[in-house]
Each structure stands twice: as C-alpha cells, then as structure tokens.
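Chain by chain, the residues:
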Amino acid sequence: MDDSDFRGVICPHCQSEQTELISLFGGSVSEALLRCKECQSIFNWVKWRGKLPPAPHDGGQGKQT
Amino acid sequence: MNRFSEDSMSLESRAALVGNVLAVADSKLVLGNWYLKGVHNGRALPDFAALLAMSATSLGHTRALYKYLIGFGEDYSYLERGRGRGEIRSMNLLDAAPESWEDFLTTIYLAEQSTWMMMSGFLNAPDPALVGLAKKIGTESYFHLKYAAGWRSIFFEGKNETYREALSNKFPLALQWFGTDSEHDVLLDQGMRNVGLVELRKALLRQVLTDHDAPGFEWVSAAEAPTFGNDWDVDKRRAGELPEGLYEIVKFQDPAAVHD
C-alpha cells in the first residue's frame, strides 16, 4: 500500500530509506507497520506526527503544524 | 491578530460564526457518541482502543468549541445540556444508525473529513483562538483519518459492494453540509475565514475522490449532487430535527456527572 506520509521513513535497524508501508494498523493504535526493503526488518512507526490533513489552502498536500 | 468578540462583530457575522462553530461542535458530539456505540462492533482489540480514543477526542473538540462560544455571549451549560433536539445542529450525515461495519467506517470517515474541511477554513482567520482550535482539531483528525484509511485499504482488497453502496448513500449528505452555491457566505465576505463554503465543498469532493482512486475500485459519485428540501435550515446546516432516538443517546444523561 502507498501513503505519501510514510515515504522516506528511515529504517531504525539499518538506516536505509528503502522502506514501505505494510499496514496502517501497527502494534498499537498510534503506530503503523513498515518494512525495510534492505534488511527486511519489520518495524512500527508512529503515525501521528503533528501533521494536518490536506486542506484547500495548502493545495491538498497537508501541512506540519 | 485580534480575538473575535461579541462586541466587535455585527449581529449577522456573529450569528454566522456561532452557527458554523456550533455545526462542527454538535457534529463532533454525535460523532463521539457514534464512536462509543461502535466500540463493541470493533473487529479486533485495536479497534476498541481506537474507537474509545476517538470518542474522547471528538467530545473534547465539542467542549472546546462550546467554550470558545462563551466569548460570543453563549451559555456553556445551555449549549452542553440545555438544548432540545430541535436545537442540535449536527450534520444529517450522522442521523441514521450504521447498517454495517462498512457503513460505520464510511460515515465516520466522511464526518471527520467534513468537519476538518470546515475547520480548515479558519486556519488563517484573524482570531488566534480560532486558529488554535482549527490546528488542534486538524492534528487529531489526521490521526482519525489514518484509522479510516487503514480500513479503507482492507475494503479495497476484498469484496467491497457494501462499502461502495454506503459511500454512495452517505457522500451526498457530507456535501450537503456545506450548503448551496447561492448561500451568502458572511464569514468569507467579512474576512473571518479565507476559504469559502463552496471551495471547502469542492475540496471535500476532490479529497474523497483522491482517497478512492485505487486500482480496481470502481466508484464514481461525483455526479450525485446533494439535494436540498424545503426543510433545509441554512443556519443549522441541516434538514429537520435530530431524530428522537439519537437525541436520547447524545444528550448528557446526568448533569451532576458533567464538570464546567
């Protein structure tokens, strides 16, 4: 699955940026599940990062608060 | 930046601002109760936790927005527990009980997306208190929308007729909430928000279509324009009164249990 909010997440095990989102439901409510394409590790990633949902004034891109 | 206040505004703009804020606050009131009612239907333990958390957040938004309205001469106690069902201004989208898990997820997604869009119109408002509320609601809506997105991706992968049907039925009600093209947008004209209702509705339409642009998912509801009957109340942003059964659920049952 693809979600632009999780692109470029750095793997906590090998520091690779080649990671992908597996599921928006991770080990806890606030986490998503990601996989590293380099070292194949599976890791949780906090999905709430103080970002706003897309809105008209930002061209529908979402914005950091 | 100046804080909006009862004294600094015309009667028309004050009524429009209170009406808009109350429409969001009351929709969050009903949404928060929907989350609570949905807990037992969760498919797994994380659903229970997420729904309870989202319920608390939604009801928190309601109370924060009611508190904001004190500055405009509104009585907090009356707003929270003094109104009859004819005075509750929640969106029609949330009137009917969910008919399925897919219907439930569709409705909460549309309600979260709609209330966020409405609040996003205030992100550059001249009132810092309102801007702060919009940002706070936005950061938490982001989290709620991720929950809906997780379930949506599951629906995309399987048989999704029920989901598509629910979306087709409910989406026009979300669009309806933003009113007609001919509605006089006092808050836009007065510079109290920088994005008008028509543009907010278009943004909602674009976002929902974007969120459902998935391989193999065939759904086109853009042509299903909202309808407005004679009972559409532009001030309340809804048609008719809150259903009696729903009012019994959302009204505060025990005033002694509520702190001011």
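Parameters and conventions
Residues numbered from 1 in each chain as written. Chains lettered and ligands numbered in written order. Predicted model: local features only at pLDDT ≥ 70, side-chain atom pairs only at ≥ 80, totals over all residues. Helix = DSSP H or I, 4+ residues; strand = E, 2+ residues; numbered from the N terminus. Buried ≥ 20, exposed ≤ 12 C-beta atoms within 10 Å, placed from the backbone. Contact = placed C-beta atoms within 7 Å. Expected span 1.5 Å × (residues − 1). Pairing = 2+ DSSP bridges. pLDDT = per-residue confidence, 0-100. Nonpolar A, V, L, I, M, F, W, Y, C, P; charged D, E, K, R; others polar. Axes fitted to C-alpha atoms, helices over the stretch in contact; angles between N-to-C directions. Bend = angle between axes of the 7 residues up to and from the residue. Core = buried A, V, L, I, M, F, W, Y, C linked by C-beta atoms within 7 Å.

**What to know about the overall build of chain A**
Secondary structure summary: chain A contains 0 helices and 5 strands in total. Across chain A, helices and strands are ordered from the amino to the carboxyl terminus as β-β-β-β-β. With the principal axes as the frame, chain A shows a C-alpha extent of 40 × 25 × 20 Å. For chain A, with 65 residues in total, the buried portion stands at 25%.

**Describing the environment of Leu242(B)**
Residue and element names in this part refer to chain B. Tracing the chain through its elements places Leu242 in the loop between β2 (238–239) and α9 (244–250). Sequence separation between Leu242 and Gly82 is 160 residues; the distance between their C-alpha atoms is 15 Å. Once residues within four sequence positions are removed from consideration, Leu242 is found in contact with Arg85, Ile88, Ser90 and Tyr247.

**Re helix α2 (residues 45–69) of chain B**
All names here are of chain B. With 25 residues, α2 ought to run about 36 Å at 1.5 Å a step, and its terminal C-alpha atoms sit 37 Å apart, in line with that. Inspection of α2 places Ala50, Leu51, Met54, Thr57, Ser58, His61, Thr62, Leu65, Tyr66 and Tyr68 among the buried residues, and these make up the whole buried set. Tucked into the core, α2 has its buried residues touching α1 (11–38), α3 (76–81) and α5 (128–157).

**Some points on the pairing of strand β2 (residues 31–36) of chain A**
Regular strands have side chains that alternate between both faces of the sheet. Residue and element names in this part refer to chain A. Of the two faces of β2, only one is covered, namely that formed by Ala32, Leu34 and Cys36; the face formed by Glu31, Leu33 and Arg35 stays uncovered. Pairing geometry for strand β1 (residues 19–23) and β2, over 4 bridges, is antiparallel. Bridge pairing in β2 links Leu21 to Leu34. In this sheet, strand β3 (residues 42–46) lies alongside β2 in antiparallel orientation, the contact comprising 5 bridges. The residue of β3 that forms the bridge with Arg35 is Ile42. Turn length for the β2-β3 hairpin, with the two strands adjacent in sequence and antiparallel, is 5 residues, and the turn residue Gln40 shows positive phi of about 65°.

**Points about the confidence of the model for chain B**
In this model, chain B carries a mean pLDDT of 91, and residues with pLDDT of at least 70 account for 94%. Here the predicted complex carries an ipTM of 0.81, next to a pTM of 0.91.

**Side note on the interface of chain A and chain B**
Listed as interface residues are 17 residues of chain A and, on the opposing side, 27 residues of chain B. Its residues assigned to classes, the side of chain A that touches chain B comprises 10 nonpolar, 5 polar and 2 charged.

**Quick look at unusual backbone geometry**
The residue Gln40(A) is not glycine, and still its phi comes out positive at about 65°. Tracing the backbone through its elements, the reader meets Gln40(A) in the loop between β2 and β3. For Gln40(A), a count of 10 C-beta atoms within 10 Å translates into the label exposed. At Arg237(B), a position not held by glycine, the phi torsion is positive, near 55°.

**Looking at the sheet that holds β2(A)**
All names here are of chain A. If you trace the 3 strands from one edge of the open sheet to the other, you get β1-β2-β3, paired in antiparallel fashion. With one partner strand each, in any of the chains shown, β1 and β3 form the two edges of the open sheet. Between one strand axis and the next, the sheet turns through 40° on average, direction left out of account.

**Comments concerning helix α6 (residues 161–176) of chain B**
All names here are of chain B. For α6, which comprises 16 residues, the first-to-last C-alpha distance of 24 Å matches the rise-based estimate of 22 Å (1.5 Å per residue) to within 8%. The largest bend in α6 comes to about 30°, at Lys170, with the proline Pro172 one to four residues further on. Buried within α6 are the following residues: Tyr163, Ala166, Leu167, Lys170, Phe171, Leu173, Ala174, Leu175 and Gln176. Residues of α6 that are buried sit in contact with α4 (101–120), α5 and α8 (197–211).

**Let's talk about the nonpolar core**
Residue and element names in this part refer to chain B. Ranked by size, the top nonpolar core spans 72 residues in total, and within it Val21, Leu93, Ile108, Ala174, Leu200 and Leu204 carry the most contacts. Going through the elements one at a time, α1, α2, α4, α5, α6, α8 and α9 are the ones with two or more residues in this core. With 13 residues, α1 is the single largest residue contributor to this core. Once you skip the residues sitting within four places of it in the chain, Ile108 turns out to touch Leu31, Trp34 and Ala148.

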